[in-house]
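# Coordinate inspection notes
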Amino acid sequence: KSVVHRLWKGSASVDMLSPRLQKAVKDYMSTNKHGVSYRGRRHAQRNKKRLLCEMKRKAKVKTLDGEELPFSSLGWQKIVPALPLERLHGTGFSSCAVVTSAGAILHSGLGKEIDSHDAVLRFNSAPTKGYERDVGNKTTIRIINSQILANPSHHFNSSSLYKNMTLVAWDPAPYAVNLRKWYKNPDYNLFTPYMKYRKKFPAQPFYILHPRFIWQLWDVIQANTLEDIQPNPPSSGFIGILLMMWLCDEVDVYEYIPSLRQTDLCHYHERYYDAACTLGAYHPLLYEKILIQRIKHGSESDLRTKGKVTLPGFRTMRC
Ligand code: C5P
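Residues numbered from 1 in each chain as written. Predicted model: local features only at pLDDT ≥ 70, side-chain atom pairs only at ≥ 80, totals over all residues. Heavy atoms only, no water.

One side chain can pair with another of opposite charge once the charged atoms of both are near each other. One pass over the structure, following the stated rule, counts 15 salt bridges. Linking R42 and D228 is a salt bridge whose minimum nitrogen-to-oxygen distance equals 3.0 Å. Here the residue R42 occupies a position in the loop between helix 2 (19–31) and helix 3 (48–58), and D228 occupies one in the loop between helix 10 (211–223) and helix 11 (236–247), the gap between them amounting to 186 residues. Under the relative-accessibility criterion, R42 is labelled partly exposed at 32%. The class for D228 is partly exposed, based on a relative accessible area of 46%. One salt bridge connects R261 with E255, and the closest N-O pair in it is separated by 2.9 Å. (Salt bridge = Lys/Arg side-chain N within 4 Å of Asp/Glu carboxyl O. Helix = DSSP H or I, 4+ residues; strand = E, 2+ residues; numbered from the N terminus. Buried < 20%, exposed > 50% of the residue type's maximum accessible area, 1.4 Å probe, protein only.)

Now the structure itself:
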């Protein structure tokens, strides 16, 4: 049976990946670029409620506030937005949509449904223009990885893709979350472009996620997976889903767990084919998806036709 069908049933595993992807995963394991060493326990059988409560307890959303070194000595308290992200939108949103960039969302006709949410989260350089029927056109928050800021090909300063919305950037620090080391040696230098952008557009809310949040998310995935997961940060998709679980009462996620339209087309807006985009090689994406599958509610037919799963917001949960 296909990985997707196994994902729906909650029983996918890494040995279902193609030999090429399995080899890539092995290589990332032995490289361990971010110095991950996990000493926690592993559980395979936690029920939905316990899993959700563990996520709420262990992965608290956090952005750089400029209070810690080296950022405090560089005057970052004045650079970051005055309101923390958790308080920016007042009491938060009641309904939210997370729109992954998967090719499977093409021809879905989901645009109207997506836009009917109070807030819509999108990723990286995923456009809405020309794809409104399938992905909608409302963007409340965009999560961007550090490559978007660092690589001139994205025209981060001038492109309308990044205007009129809240921006949330991230870059993986060392697993030990040494901020000085991270500042000196980020994966892609996001710090300089971030400062420039903040000075140029001070009114636009723009945050950098604290790497502690990123690695807490990783820890939760590993803690609930028996196999060793890739020692690399979770995908933007997983980060965005958990971010919205902090900001919203209910989160609808589209085409993260693939629908019947599942395809090797990496992104809906590019003609590039690679199964790694949906199943992961660098990121522990398959394990992230198994975890989301375990905590979702929502019908099987929504999953088949819309690639939609519904997750509860942390605020509404009693633990
Ligand atoms: O490729 P990019 O990281 O910009 O895509 C945003 C997120 O959407 C990914 O991090 C991943 O979680 C999800 N995605 C997916 N399947 C795809 C493409 C993206 O699940 N084919």
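From this point, the narrative continues.
Further remarks concern unusual backbone geometry. Between L69 and the following residue, P70, the backbone shows a cis peptide bond with an omega angle of 0°. Relative to the assigned elements, P70 resides in the loop between helix 3 and helix 4 (85–88). The backbone of N32 sits at a positive phi, close to 40°, despite the residue not being glycine. Topologically, N32 is positioned in the loop between helix 2 and helix 3. Of note, N124 is a non-glycine position whose phi angle comes to about 50°, a positive value.

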